[in-house]
Every structure is written in structure tokens, then in C-alpha cells.
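# Breakdown of the fold
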Amino acid sequence: MTATVALPAEARVYLVGGAVRDALLGRTPGDRDWVVVGTDAAAMRAAGFKTVGADFPVFLHPLTGEEYALARTERKSGRGYTGFVVHSDRSVTLEDDLLRRDFTINAIAQGDDGALIDPLGGQRDLEAGVLRHCSPAFAEDPLRVLRAARFMARFAPLGFTVHPDTLALMRGMVAAGELAHLVPERVWQELKRALGEAQPSAFLRTLRECGALAVVLPEVDALYGVPQRAEYHPEVDTGMHTERVVDMAARLAPGDAAIGFAALTHDLGKALTPREVLPKHPMHEQTGLAPLAALCARLKVPNAETQLAADACREHLNVHRFDELRDATVFDLIERCGGLRQGSRIDALALVCEADKRGRLGHSEADYPQARALLACRDAALTVQAKDVMREGLEGPALGEALRKARIQAISAARRSFSAA
Ligand code: CTP
């Protein structure tokens, strides 16, 4: 049911964008977006549609709450992805509206009768697996460089590639400095969504191919070309390793961008290793914290994601060599990562560390018992509560110390039973 009852009588309405694309791909469509032609804003309002924003002629359907946009054209009037002159009146056709869109696969419309209107060859590109820009106006919106990369993270597993002409346009946009006009929130939003897709490495590769990775994520771009020891990292290159880790994180924790972000940034310190000590990376867990903080501040990464990334950066080697840690060190690690207050932070940390270990060439199916051991220790520590150690006269720091000791003992017992099992 399209619930078109409330539309102005003269209007024609089409489903457009992601909903049509996803249905053709056999994927579950997300939000439905509609385009309306042959009417105007006043008639839409009179029919009960609610205005959404001042900048675009977009309305909410009074019954379904879905977005209905008047067909429009846009002309660049400033820099960045804002600064457009929007034109929408009864003379704007469906074809005009489709032409202003980003990719041909997003520019297919579907009428009430189910017929597809596809003047730009979107179906052909869907079948061929090609991300191709609709028109040279693509270059007017720098956000589309990130969107291209994000769609690649989603569709690369289906064999998609970016059309060479589109890639050339993207290179030109980057070279012209257009990406400098993106606000941090939008960059983070696209990065976050890309990390939640099936193959985030394709996001990194696409950005790198057009030079955008060095602009939006210079700390990650700097990892390419940095060697690691081949006996531990058969893939050698730290950028290649990072690509594998983000893909592994997407496999182990599908759709979890916090885990993806921590996977992406856990080795940032390796870009700072002095040349003379390569391919070793002593202290990279510590040196990685400063570039991570810079990246998070620049993109305004939310607290939860920032914290997990910092925990993973600082602790991933400790978790890898979990068996060598003393019981008290295990306790301190769990406490440092906030695992006593919020146990789920340890689950997330364990997953990032597992993605790191299995994100190495030839190790993707490796077992990672350290994760199980870490979680067992977290559980053991949490079985002991303050009331269990409370005695007459015990308070303040002394109570805290007694609780710490009891929890370390619980960890010790858990590790013994764990290694005996
Ligand atoms: N669009 C565009 N340029 C942008 C943003 C959006 O051309 N910078 C157009 C595309 O036609 C897109 C539609 O607006 O299909 C809806 O945008 P959005 O909801 O962001 O994307 P979807 O294609 O629906 O993709 P997703 O599945 O990621 O939501």
C-alpha cells in the first residue's frame, strides 16, 4: 500500500533511490523515499503533508510518515555539500530529478503500476556491478566521494566496482580540495556506516584509490607501505593488515561500527615507528594513542567508540599474550577497560583482539582462546561483590583493597580451571 490518498489530485508519485535499488538486488529495502511530480509545495501542504526542512521541498506523508520530495534540480552556489540553489516547480520532470542524483543504481524510479523508469541505465549497472555517476554534477557534492566508498563496502562482496570515469571525477574532486568542506559529523557518519557494512576494506581501498583516505583519515593512510615482521604478519604491509582486520571485525560482529572502528585504529602507532627499528614495532600500543585521540577529536567520534578504540589500541598485545599475564595484571586490565562497571566492554575488546589475530594472511580461521579466557576472568571477577568481603570495620580504601584481592583470587581460580579444561 502506497497510501497515496492524501496526495494532491494532479500529482504523480514514484518510489526512488535505495528502496528500488535494494528490491532489484533482492535485498531487504530500508526506508522508502518518494518523488512527486506535477504539483507544488502549497498543494502538498494543503493535502496535509508536513514540511520537513526549509532548504529542500521534502514533506512527510500524514499517514505513513514516509518522505515525499518534490522533483527538483540543484545548482551549485557555494562550496562543500551545502550551498545549492534548489529549484522545484511543476515544470521539473522525473528525469530531471533522477539526473541530479549520485549513482545510476540510485536513480531508478518505480511508478504506481510497478513499471521502472530508468533513463540513466541503472538496471544495466546493477547487473554489471558498476557504481557510475549520473552526470558531471556528481562533482558538486563531495559527500558523494564518501558515499561511493561506503556503497563499495556494501556491494563489493557482490562484485561491484567503481566506473573508471566516476573514479576520475572523484580524484578531481579530491585534488581540488573539495573534501576539506565536509563537516566532521558527516565524515564520521559515513565512516560509521561503512564500518557496519560487510566489507569495510572496500571503503578504505576506494578512498585510497582517489586520494581521499589521506585527506579524511591520514592516520590510517599512513599505515600503507609500513612493513611488519613476516613471521607474525605474512601480509607484511600494515595497511593490508588493517584491511583484513576491519573485514574480520565485520564478519565477527556484523553491523557493529564500534568494534569496526577499534579494529580500524588499533595499530595506528605502527605508522610512527622509527625507520631504523622496522619491521618491529616496539611500544606501538602506546604510540598509537596520540594519533587515535587526534582522529577522534577531529571527527567528533562519540565517547563509546573512542573508549573502545583506545582500550583496543592500548591492550591488544596484552590480550594476545594473555597466558603470560599475572592474575593481578589481568584484573588491572579488566578494570582499566571499564569491564567491572560495564562488562560488555570486555566482550567488545575480546572481539577486536580476535579480529586482529585472525586478520592476518593465512590465519582467518585460527582459534583465539585468549578471548574465552579473558571473558571467563571478567565473569569470575564480577562474581565477587563488595558485600562478599564486607567485615566489621572495613571501609573506604581498605574495603576496595579487599575487594580487589578477592577478585584477583577469583580470576586465579578461573584461570586454573580454564587451563585444566
Ligand atoms: N542522494 C544523492 N546524493 C546524496 C545523497 C542522496 O543523490 N549525497 C540520492 C540518491 O538517489 C539516494 C537517495 O538520494 O538513493 C536517498 O539517499 P539515502 O537515503 O542517503 O541513500 P539510499 O540510496 O537510500 O541508501 P541507503 O541504503 O544507504 O540508505
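The structure this text deals with has already been given above.
Our subject in this report is the structure included herewith. For every chain, the first residue of its written sequence is number 1, and the numbers climb from 1 along that sequence. pLDDT decides what is reported in this predicted model: residues at 70 or higher carry local features, side-chain atom pairs at 80 or more are listed and counted, and totals for whole chains, interfaces and linings draw on all residues regardless. Side-chain descriptors were evaluated using all non-hydrogen atoms of the structure, hydrogens and water having been removed beforehand.

## Quick look at the packing of helix α14 (residues 289–299) against helix α15 (residues 303–320)
The angle between the axes and the distance between the axes are what describe a pair of packed helices. To get an axis, a line is fitted to the C-alpha atoms, and for a helix only the part in contact is used. The angle between two axes follows their N-to-C directions and goes from 0 to 180 degrees. Only DSSP runs of H or I reaching four residues or more are called helices, and only runs of E reaching two or more are called strands; each is numbered from the N terminus. For the pair α14 and α15, the least separation of the axes is 10 Å and the interaxial angle reads 165 degrees. One finds that α14 runs roughly antiparallel with respect to α15. For the element pair α14 and α15, the recorded crossing hand is right-handed. Residues L289, L292 and C296 of α14 form the contact with α15, whose own contacting residues are T306, A309, A310, C313 and R314. Under the scheme applied here, ten amino acids are nonpolar (Ala, Val, Leu, Ile, Met, Phe, Trp, Tyr, Cys and Pro), four are charged (Asp, Glu, Lys and Arg), and all others, including Gly, are polar. The class makeup of the residues in the contact of α14 with α15 is six nonpolar, one polar and one charged. Roughly parallel refers to an angle under 35 degrees, roughly antiparallel to one over 145, roughly perpendicular to one between 65 and 115, and oblique to any angle outside these ranges. Crossings are assigned a handedness: left-handed for a near helix turned anticlockwise from the far helix by less than a right angle, right-handed for a clockwise turn. The contact criterion used is simple: two residues touch if any of their non-hydrogen atoms lie within 4.5 Å.

## Some details on the pattern of salt bridges
Here, a salt bridge means any side-chain nitrogen of Lys or Arg that lies within 4 Å of a carboxyl oxygen of Asp or Glu. For the structure on display, the rule yields 31 salt bridges. In this structure, the salt-bridge partner of R144 is D141, at a minimum N-O distance of 3.5 Å. For the pair shown, R144 and D141 are each scored as buried. Through salt bridges with shared partners, one network takes in D311, R314, E315, R336 and R345. A simple rule labels every residue: compare its accessible area, found with a 1.4 Å probe on the protein chains alone, to the largest value its type can have, and call it buried under 20%, exposed over 50%, or partly exposed in between.

## Focus: the packing of aromatic side chains
Here the aromatic set is Phe, Tyr and Trp, taking the six-membered ring for Trp, and pairing holds for ring centres within 6.5 Å; pairs whose planes are under 30 degrees apart are stacked, those over 60 apart are edge-to-face, and all others are tilted. Counted by the stated rule, this structure contains seven aromatic pairs. Their ring planes at 65 degrees and their centres at 5.3 Å tell us that F49 and Y68 sit as a pair that is edge-to-face. Residue F49 is found in the loop between α2 (41–46) and β3 (50–51), and its partner Y68 is found in strand β5 (residues 67–70); the two are separated by 19 residues along the sequence. For the residue pair F49 and Y68, the accessibility class agrees, reading buried in each case.

## A look at the side chain of H241
Within the fold, H241 resides in helix α11 (residues 238–252). For H241, a relative accessible area of 0% puts it in the buried group.

## Here we look at the site of the ligand
When we say a residue is near a molecule or strand, we mean one of its heavy atoms is within 4 Å of it. Taken together, 14 residues lie around the ligand, and R21, D102, D141, R154 and R193 are the ones closest in. N or O atoms closer than or at 3.5 Å make up a polar contact, with two conditions inside protein: a donor-capable atom paired with an acceptor-capable one, and, for residues adjacent in sequence, both atoms drawn from side chains. Take D141: an N or O atom from its side chain is 2.9 Å from a nitrogen atom of the ligand. Under the convention used here, a 1.4 Å probe and the Shrake-Rupley method define accessible areas, while residue burial counts only the protein chains that appear. Across the complex, the protein chains shield 76% of the 570 Å² of accessible surface that the ligand would expose by itself. Considering every element that reaches the shell around the ligand, the biggest residue donor is helix α5 (residues 143–155), with five residues. Of the residues belonging to the shell around the ligand, the class tally is one nonpolar, three polar and 10 charged.

## Remarks on the packing of helix α7 (residues 184–195) against helix α12 (residues 257–265)
As a packed pair, α7 and α12 sit with axes 8 Å apart at the nearest point and diverge in direction by 100 degrees. Taken together, α7 and α12 sit at an angle that is classed as roughly perpendicular. Mapping the contact onto sequence places W188, L191, K192 and L195 in α7 and A257, G260, F261 and L264 in α12.

## Some remarks on α11
Any helix carries an expected span of 1.5 Å times its number of residues minus one. In a regular helix each residue adds 1.5 Å, so 15 residues correspond to 21 Å; α11 covers 21 Å between its end C-alpha atoms and thus fits that length. Buried within α11 are the following residues: T238, G239, H241, T242, E243, V245, V246, M248, A249 and A250. For α11, the elements touching its buried residues are α7, α8 (200–209), α12 and α17 (344–358). The distance from a side-chain oxygen at the start of α11 to the backbone nitrogen of G239 is 2.7 Å, and the residue carrying that oxygen is D237.

## Points about α7
One turn of the α-helix equals 3.6 residues, which is why residues spaced by three or four share an orientation. If you check α7, its first and last C-alpha atoms are 16 Å apart, about what 12 residues at 1.5 Å a residue would give, namely 16 Å. Taken together, the buried positions of α7 are occupied by V187, W188, E190, L191, A194 and L195. One face of α7 carries all of its buried residues, which in axial projection span an arc of 165 degrees. Picture the helix axis, draw a direction to every C-beta atom, and the arc is the one those directions span.

## Description of the nonpolar core
Residues enter a nonpolar core if they are buried and are Ala, Val, Leu, Ile, Met, Phe, Trp, Tyr or Cys, with the set joined through side-chain atoms within 4.5 Å. Counting 102 residues, the largest nonpolar core has L191, L204, L207, L217, F261 and L374 as its most contacted members. It is α5 that provides the largest number of residues to this core, a total of nine residues. Leave out the neighbours within four places in its chain, and L207 touches V145, L146, A149, A212, L213 and V216. Counting residues in each nonpolar core, the second largest holds 12 residues, with Y14, A71, V92 and A109 among its members.

## Comments concerning the side chain of S135
You can see S135 is positioned in the loop between β10 (130–131) and α5. Of the residues examined, S135 reaches a relative accessible area of 11% and is grouped as buried. Not counting residues up to four positions away in its chain, the partners in contact with S135 are L99 and L169.

## Quick notes on the state of the cysteines
For this text, the term disulfide refers to a pair of cysteine sulfurs within 2.5 Å. Counting across every chain of the model gives zero disulfides. You can see C296 has no disulfide; the closest cysteine sulfur is in C313, sitting 9.9 Å from it. The class of C296 is buried, set by a relative accessible area of 5%.

## So, unusual backbone geometry
Geometrically, the link from L278 to P279 is a cis peptide bond, its omega value of 5 degrees lying close to zero. Along the chain, P279 turns up in the loop between α12 and α13 (284–287). Positive phi values are uncommon outside glycine, yet V236 reaches one of about 60 degrees. If you trace the backbone, V236 turns up in the loop between α10 (218–221) and α11.

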